[in-house]
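# Summary of structural features
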Amino acid sequence: MILEELSNAIGVSGEEDDVREIVIDAIRGHVRDLEVDALGNVTARQVGAERPDFCVMIAAHMDEIGMMVTAVEPNGLIQFTSVGGIDPRVLPGKRVKVGADRAPGVILWKPIHLWRDMKTVPIDALRIDVGARDKSAAQPGDRIAFDGAYTQLSETVVRGKAFDDRVGCSVLVDILQNGPYPVTVAAAFTAQEEIGLRGAQVAAQRLQPDAAIVLEGTYAYDLPDPDREPEAGDLRANPGTRFGHGAVITLSDRQMITDPRVLAFLRETAEANDITYQVKTMDGGGTDGGAIHIAHAGVPTMPISAPCRYIHTPTALLNLGDYENALRLSQAVLRRITPDSFRRG
């Protein structure tokens, strides 16, 4: 597992260079046709040992949410906008790294006692301070990443930034390093997922798979409910994504509805291999599957995720057991899938 190295790397959407380098180094020697396309996707093939003509695309996106410099004030303070989905309420006081030089900075805000309305945090009221005193602090267009080091919190739980979707990238690297499989794997480490599934659209058009797996770090939603009187150990009613309760199979999201045949196949595969899994029932978010499943004549697409707490914030948590179950389920799919798995009629 190379999750620590991937998590610590910086790759805000559109500038995934550091992550791409790590991925290429990790899979070289395990694949052929290794290429980087115009959008920055890394694609490669691992030929199947039994059914080489049947191709399963496996996608995981390299980019992370972050910010971008829009202007620098004469006093050196940096104005910025978000890249990907960020709630501005999580930003004040957070440490960041700015530009190609990774200049350390902090997001500043007025002291709390100077604000009357504390319900919102307008992003245009925030600035980044890198200790500069003039406009040389940064350039418009410079990417800004959160500053958060990967940490082992316990034997089973790790903390880090960008688990959406460096978790998926790490799982895909593990898959390739432990191949080949009966079918051909067309790996796609995609770019610019957080700003519109752009890399996946291009990769799916190029690879033309027969089926697809999308690996993600999705949200774990077993959180305290502020609208109820809490009891000992009481958590929000399970919406299908619970920390430490196995790999996640998605019913639907804002980009796609998972085909019932695909859901049945994933359930049967997990149960036949004693793999712990859960079903995501809340209709929110999206994955590269939204672009892949409508490529060409349509691609049966299997979303498989590891639930993470606090994704789309500077720091997330992952249960390593969930990671292992997502990896095992993906590998079991590759060993079981055939051209007839999703055939209609």
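As shown above, the structure is provided for reference.
What comes next concerns the included structure. Along each chain, residue indices are assigned from 1 in the same order as the chain's sequence is written. Local features are withheld for residues below a pLDDT of 70 in this predicted model, meaning they are given only at 70 or higher, and side-chain atom pairs are given and counted only at 80 or more; totals for whole chains, interfaces and linings count all residues. Processing note: side-chain calculations cover all non-hydrogen atoms of the structure and skip hydrogens and water entirely.

On a plain count of helices and strands, the protein chain comes out with seven helices and 17 strands. All radius of gyration figures rest on C-alpha atoms, and the globule criterion is 2.2 Å times the number of residues raised to 0.38. Taken over C-alpha atoms, the radius of gyration comes to 21 Å for the protein chain, in line with the 20 Å a tight globule of 345 residues would show. Dimensions of the protein chain along its principal axes, counting C-alpha atoms only, are 65 × 50 × 40 Å. Residue exposure (1.4 Å probe, protein chains only): buried if accessible area is under 20% of the type maximum, exposed if over 50%, otherwise partly exposed. Split into buried and exposed, the 345 residues of the protein chain put 52% on the buried side. Across the protein chain, the fraction of contacts at a sequence separation of at least 24, relative to all contacts at a separation of at least 6, is 74%. Working definition: helices are DSSP H or I runs of at least four residues, strands are E runs of at least two. Numbering for both runs from the N terminus. Only heavy atoms matter for contacts: two residues are in contact if any of them lie within 4.5 Å across the pair.

Counted as salt bridges are all cases of a side-chain nitrogen of Lys or Arg within 4 Å of a carboxyl oxygen of Asp or Glu. Taken as a whole and assessed by the stated rule, the structure comprises 13 salt bridges. Asp 18 serves as the salt-bridge partner of Arg 102, at 2.6 Å between the closest nitrogen and oxygen. Within this pair, whereas Arg 102 is found in the loop between strand E6 (95–98) and strand E7 (103–108), its partner Asp 18 is found in helix H2 (residues 17–27), the two being separated by 84 residues in sequence. Measuring nitrogen to oxygen at the nearest pair gives 3.4 Å for the salt bridge that ties Glu 268 to Arg 336. Residue Glu 268 is located in helix H5 (residues 260–272), and its partner Arg 336 is located in helix H7 (residues 320–336); the two are separated by 68 residues in the primary sequence. Linked through salt bridges whose partners overlap, the residues forming this network are Glu 64, Lys 161 and Arg 166.

Among the structural elements, Asn 75 can be located in the loop between strand E4 (66–72) and strand E5 (78–83). Considering only alpha carbons, one finds Asn 75 and Gly 131, 56 residues apart in sequence, at a separation of 9.7 Å. Setting aside residues no more than four positions away along its own chain, Asn 75 makes contact with Ala 132, Arg 133 and Asp 134.

The next thing to look at is the nonpolar core. Of all hydrophobic cores here, the largest spans 62 residues; its most connected members are Phe 189 and Met 302. Counting residues per element, this core draws most heavily on helix H3 (residues 163–177), which supplies eight residues. Not counting residues within four places of it along the chain, the set of residues in contact with Met 302 comprises Ala 211, Ala 212, Ile 213, Val 214, Val 262, Phe 265, Leu 266, Val 333, Ile 337 and Phe 342. Buried Ala, Val, Leu, Ile, Met, Phe, Trp, Tyr and Cys residues form a nonpolar core when they are joined through side-chain atoms within 4.5 Å. Listed in part, the 18 residues of the second largest apolar core include Ile 65, Val 72, Leu 126 and Ile 128.

A few words on the environment of Ile 78. Relative to the helices and strands, Ile 78 resides in strand E5. For the pair Ile 78 and Gln 139, spaced 61 residues apart in the sequence, the C-alpha separation amounts to 9.1 Å. Residue contacts for Ile 78: discarding those within four places in its chain leaves Val 69, Ala 71, Val 72, Val 98, Leu 126, Arg 127, Ile 128, Val 130, Ala 137 and Ala 138.

Below, the discussion takes up the packing of aromatic side chains. Any two rings among Phe, Tyr and Trp, with Trp reduced to its six-membered ring, count as a pair given centres within 6.5 Å; such a pair is stacked if its planes are under 30 degrees apart, edge-to-face if over 60, and tilted if neither. Evaluated as defined, the whole model comprises three aromatic pairs. With 5.9 Å between their ring centres and 65° between their planes, Tyr 219 and Tyr 221 make a pair best called edge-to-face.

On to the pairing of E5. Each pair of strands is called paired provided DSSP finds at least two bridges between the two strands. Bridge count for E4 against E5 is six bridges, and the pairing is antiparallel. The residue bridging Ala 71 from the neighbouring strand is Gln 79, located in E5.

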